[in-house]
Amino acid sequence: MTTLLHIDASARRQSFSREVGDAVAAAWRAAHPGGTYVHRDLARTPVPQIGEAWTELCDYVLEHRITDTARYREAVRTPAQEAAWAVVEPLLSELVAADAVLIATPMYNYAIPASLKAWIDQVTFPRMSLAGRRFVVAYARGGAYGPGTPRHPYDHQERYLRDFFTGHFAVPEDDMTFLGTELVNSLTDPALADRRGAHDASRAAALEAARKTGESL
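These lines cover the structure that appears in this document, whether it is placed above or below. All values derive from a computational prediction rather than experimental measurement. (Residues numbered from 1 in each chain as written. Predicted model: local features only at pLDDT ≥ 70, side-chain atom pairs only at ≥ 80, totals over all residues. Heavy atoms only, no water.)

Contact geometry of helix α1 (residues 16-31) with helix α6 (residues 196-216) gives a least axis separation of 7 Å together with a crossing angle of 25°. In terms of axis orientation, α1 runs roughly parallel to α6. Crossing hand, α1 versus α6: right-handed. On the side of α1, the interface is formed by F16, E19, V20, A23, V24, A27, W28 and A31, while α6 contributes H199, R203, A206, L207, A210, R211, G214 and E215. Counted by class, the contact of α1 with α6 contains 10 nonpolar, two polar and four charged residues. (Axes fitted to C-alpha atoms, helices over the stretch in contact; angles between N-to-C directions. Helix = DSSP H or I, 4+ residues; strand = E, 2+ residues; numbered from the N terminus. Parallel < 35°, antiparallel > 145°, perpendicular 65-115°, else oblique. Left-handed = near helix turned anticlockwise from the far one by under 90°. Contact = heavy atoms within 4.5 Å. Nonpolar A, V, L, I, M, F, W, Y, C, P; charged D, E, K, R; others polar.)

In structure tokens:
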């Protein structure tokens, strides 16, 4: 048995990041008919922001050098911490149980949506390792932010997630895949109308890569 956790973060019900993510998930499900598929939509069911009680859980885990996620429950000592843990526990359980994690996210204001950041904050604890899992990010962006483009220095979407997966979850680069659609704004912004062809090509390439990635997870 293998498990895929699929996270959606776009505020749009019909979005390009969802389209690419759904293509990955569909290919994975076809390749793993006996697998477990878990889908969490952060736009429809938002995750609350962390509060002070969550920081106290982190402090306890750090102070007592707890690195086994199964022992995090030991940090709960007060009613406020119990309430914080009630939010964390189902999210963390889904993440830890997954063999592969698929995150479908748009770029908002050069970075990831607040909904996705809230989820990351809730499931992340000190010196926590998720090594051994595959991470796939299916993204969409209004412009072109790839290497060699003028806006590449402003990409705090892919760059942030790569740094975070490596720096906090101890996931090596070889276990990460990023694929997505660029120049989405060419569909609505007159200033980018001449880039529509590039967007169409990017979308087609992303969907093809999504199918191959889902089959290989």
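Turning to the layout of surface pockets, a few remarks are in order. Considered as a void within the structure, the largest pocket measures approximately 520 Å³ in volume. The wall of the largest pocket is formed by 27 residues, among which R141, G142, G143, V184 and N185 lie closest to the centre. Classifying every residue of the lining of the largest pocket gives 13 nonpolar, 10 polar and four charged. (1 Å grid on protein atoms, 1.4 Å probe; cavity = no way out; pocket = protein on both sides within 12 Å on 5 of 7 lines; lining within 4 Å. Points joined across faces, edges and corners; volume = space filled by probe spheres on them.)

Before going further, it helps to spend a moment on the pattern of salt bridges. With the rule as written, the count across this model stands at 16 salt bridges. Note that R141 is salt-bridged to E158, the shortest N-O span being 3.9 Å. With a gap of 17 residues between them, R141 in the loop between β4 (134-140) and α5 (158-167) and E158 in helix α5 connect regions that are remote in the sequence. Like R141, the residue E158 is buried in the burial classification. Of the charged contacts, one joins K212 and E208 as a salt bridge, the two residues approaching to 3.8 Å between their closest N and O atoms. Here E208 and K212 lie together in helix α6, a separation of four residues that amounts to about one turn. (Salt bridge = Lys/Arg side-chain N within 4 Å of Asp/Glu carboxyl O. Buried < 20%, exposed > 50% of the residue type's maximum accessible area, 1.4 Å probe, protein only.)

Attention now moves to unusual backbone geometry. For R65, which is not glycine, the phi torsion reads 55° and is therefore positive. Residue class for R65 comes out exposed when judged on its relative accessible area of 74%. Phi at N109 is positive, roughly 55°, even though this residue is not glycine. Relative to the assigned elements, N109 resides in the loop between β3 (100-106) and α4 (114-123). Taking the relative accessible area as the measure of exposure, N109 reaches 76% and is therefore exposed.

On their own, these measurements won't tell you what the molecule is for.
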